[in-house]
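Here is how the chains run, residue by residue.
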Amino acid sequence: MGVHPSESLVRVESMVAENAVVIFSVSTCSMCHAVKRLFRGMGVSPAVHELDLLPYGVDIHRALLRLLGCSSPTSPGALPVVFIGGKMVGSMERVMASHINGSLVPLLKDAGALWL
């Protein structure tokens, strides 16, 4: 039995507020693994929420899909979803684009997740 969508959004907001970098992931997802390694390789310690291991993970996943504007849970690139400084950066594609164009490090510094 799922929870009301607004309750899931409140839960996402609460989870996002707990750390400078928050990753919503699935433990078996290779793209999720890659984004976690990217941040850890940069010296960032993200809070990682493995949705397949949480009792309310399906509801959180639905809420994230709404935030991303995805129409279905199988939408390509739907996970991982990354938040930095309480703001949604997006999926792997957006994180990698930010990394390549040089805007990721300033975001991490501004959020207090990286001290370089």
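The structure this text deals with has already been given above.
Given the structure is predicted, the values throughout are model-derived calculations rather than measurements. (Residues numbered from 1 in each chain as written. Predicted model: local features only at pLDDT ≥ 70, side-chain atom pairs only at ≥ 80, totals over all residues. Heavy atoms only, no water.)

**A look at the nonpolar core**
Thinking step 1. Within the largest apolar cluster, 17 residues are counted, with the highest numbers of intra-cluster contacts made by Val21, Phe39, Val44, Ile84, Val95, Leu104 and Leu108.
Thinking step 2. Counting residues per element, this core draws most heavily on helix α2 (residues 30-41), at 3 residues.
Thinking step 3. Formed by 16 residues, the second largest nonpolar core is a distinct cluster that contains Met15, Val22, Ala63 and Leu64. (Core = buried A, V, L, I, M, F, W, Y, C linked by side-chain atoms within 4.5 Å. Buried < 20%, exposed > 50% of the residue type's maximum accessible area, 1.4 Å probe, protein only. Helix = DSSP H or I, 4+ residues; strand = E, 2+ residues; numbered from the N terminus.)

**As for the pattern of salt bridges**
Thinking step 1. Applying the stated rule across the entire model yields 2 salt bridges.
Thinking step 2. Where Lys36 meets Glu50, a salt bridge forms, and the shortest distance between an N and an O atom there is 2.6 Å. Here Lys36, found in helix α2, pairs with Glu50, found in strand β2 (residues 47-50); they are 14 residues apart in sequence, far enough to count as distant. In this structure, Lys36 and Glu50 share a single accessibility class: buried.
Thinking step 3. A salt bridge links Asp59 to Arg62, with the nearest nitrogen and oxygen atoms 3.3 Å apart. One end of the pair, Asp59, and the other, Arg62, are both in helix α3 (residues 57-68), 3 residues apart, so they sit about a helical turn from each other.
Thinking step 4. Judged by its relative accessible area of 10%, Asp59 falls in the buried class. (Salt bridge = Lys/Arg side-chain N within 4 Å of Asp/Glu carboxyl O.)

**Quick notes on the packing of aromatic side chains**
Thinking step 1. What the rule picks out here adds up to 1 aromatic pair.
Thinking step 2. The interplanar angle of 80 degrees and the centroid separation of 5.8 Å between the aromatic rings of Phe24 and Phe83 together place this pair among those described as edge-to-face. Taken together, the residues Phe24 in strand β1 (residues 21-25) and Phe83 in strand β3 (residues 81-84) connect sequence positions 59 residues apart.
Thinking step 3. If you follow Arg11 out to its NZ or CZ, it ends over the ring of Tyr56, 3.9 Å from the centre. (Phe/Tyr/Trp six-rings, centres within 6.5 Å; stacked < 30°, edge-to-face > 60°. Lys NZ or Arg CZ within 6 Å of the ring centre and 35° of its normal.)

**A short note on the side chain of His49**
Thinking step 1. Turning to its location among the elements, His49 is positioned in strand β2.
Thinking step 2. With residues up to four places along the chain from it excluded, the contact list for His49 reads Met15, Glu18, Val22, Ile23, Phe24, Ser25 and Leu54. (Contact = heavy atoms within 4.5 Å.)

**Here we look at the packing of α2 against helix α4 (residues 92-101)**
Thinking step 1. Running from N to C, α2 and α4 cross one another at 30 degrees; their axes reach a closest spacing of 10 Å. Judged by the angle between their axes, α2 and α4 are roughly parallel. Judged by the twist between their axes, the crossing of α2 over α4 is left-handed. When α2 is examined against α4, the residues Met31, Ala34, Val35, Leu38 and Phe39 are found in contact with a partner set consisting of Met92, Val95, Met96 and His99.
Thinking step 2. In terms of residue class, the contact of α2 with α4 is made up of 8 nonpolar, 1 polar and no charged. (Axes fitted to C-alpha atoms, helices over the stretch in contact; angles between N-to-C directions. Parallel < 35°, antiparallel > 145°, perpendicular 65-115°, else oblique. Left-handed = near helix turned anticlockwise from the far one by under 90°. Nonpolar A, V, L, I, M, F, W, Y, C, P; charged D, E, K, R; others polar.)

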